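One-letter residues, chain by chain:
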Amino acid sequence: GGEGFVLQGLSGTGDCLVKAGGALIRKDLHEGEVLKISSGCLVAFQNGVEFDVEQVSGFKNVIFGGEGLFLTTLTGPGTVWLQGQPPQRMISEIARRVPSGGGIGLAVPMPGMGGGTGDGGGEGGGDSTGSASTT
């Protein structure tokens, strides 16, 4: 459990492209205002925002908190940007919804692959959409 915490400093003028998963949330912290978040939700923060990363102990936290072994404390003033869905959590959510073996799966009609070809050669003289003729 737990995500690594990598901190990359950027400075200068110009544009910067930063990747985030889910909704991007901007939060302006006032002087002394404290924000505690899951470390995986932090995207960026301005110079001057104080930060601290601490390991959160407790078996329940590991089991029920997802990746939540680490908690980041941000103290203002300054602007922080958070992501609504960290990439690992998004991948986990998608993966747990994908059927695994033996399922019915998604039916996609394929022209010319059974069910009649529209040329009258198949049973029932059906067309390529799979509808049957009753005449």
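Residues numbered from 1 in each chain as written. Predicted model: local features only at pLDDT ≥ 70, side-chain atom pairs only at ≥ 80, totals over all residues. Heavy atoms only, no water.

(A) Fine view of the sheet that holds strand β2 (residues 34–38). Strand order in the open sheet formed by three strands is β2-β5-β4, with antiparallel pairing between adjacent strands. Each end of this open sheet is capped by a strand with a single partner; those strands are β2 and β4 (50–55). Across the sheet, the mean angle from the axis of one strand to that of its neighbour is 20°, orientation sign disregarded. Pairing of β2 with strand β5 (residues 70–75), which is carried by five bridges, proceeds in the antiparallel orientation. In the sheet register, I37 faces β5, and the bridge partner there is T72. (Pairing = 2+ DSSP bridges. Helix = DSSP H or I, 4+ residues; strand = E, 2+ residues; numbered from the N terminus. Axes fitted to C-alpha atoms, helices over the stretch in contact; angles between N-to-C directions.)

(B) How the structure looks around the sheet that holds strand β1 (residues 24–29). Taking strand neighbours across the sheet as the criterion, the three strands line up as β1-β6-β3 in an open arrangement whose pairing is antiparallel. Two strands bound the open sheet, and with one partner strand each, they are β1 and β3 (42–45). Averaged over neighbouring strand pairs, the angle between their axes works out to 20° when direction is ignored. Both β3 and strand β6 (residues 78–83) contribute to a ladder of three bridges, which runs antiparallel. By the bridge assignment for β6, L42 is matched with L82.

(C) Expanded view of the side chain of Q83. Here Q83 shows up in strand β6. A polar contact is formed between the side chain of Q83 and the backbone oxygen of G40, at a distance of 2.7 Å. The residues contacting Q83, other than those within four sequence positions of it, are A20, G21, A23, G40, C41, L42 and V43. (Polar contact = N/O pair within 3.5 Å; in protein donor to acceptor, adjacent residues only side chain to side chain. Contact = heavy atoms within 4.5 Å.)

(D) Expanded view of the confidence of the model for the protein chain. On average, the protein chain scores 74 in pLDDT, and the residues at 70 or more come to 61%. No element of the protein chain has a lower mean pLDDT than helix α1 (residues 59–64), which averages 57, and none a higher one than β1, which averages 95. This model gives residues 120–135 a pLDDT under 50, and the stretch forms 14 contacts once residues within four places in sequence are excluded. (pLDDT = per-residue confidence, 0-100.)

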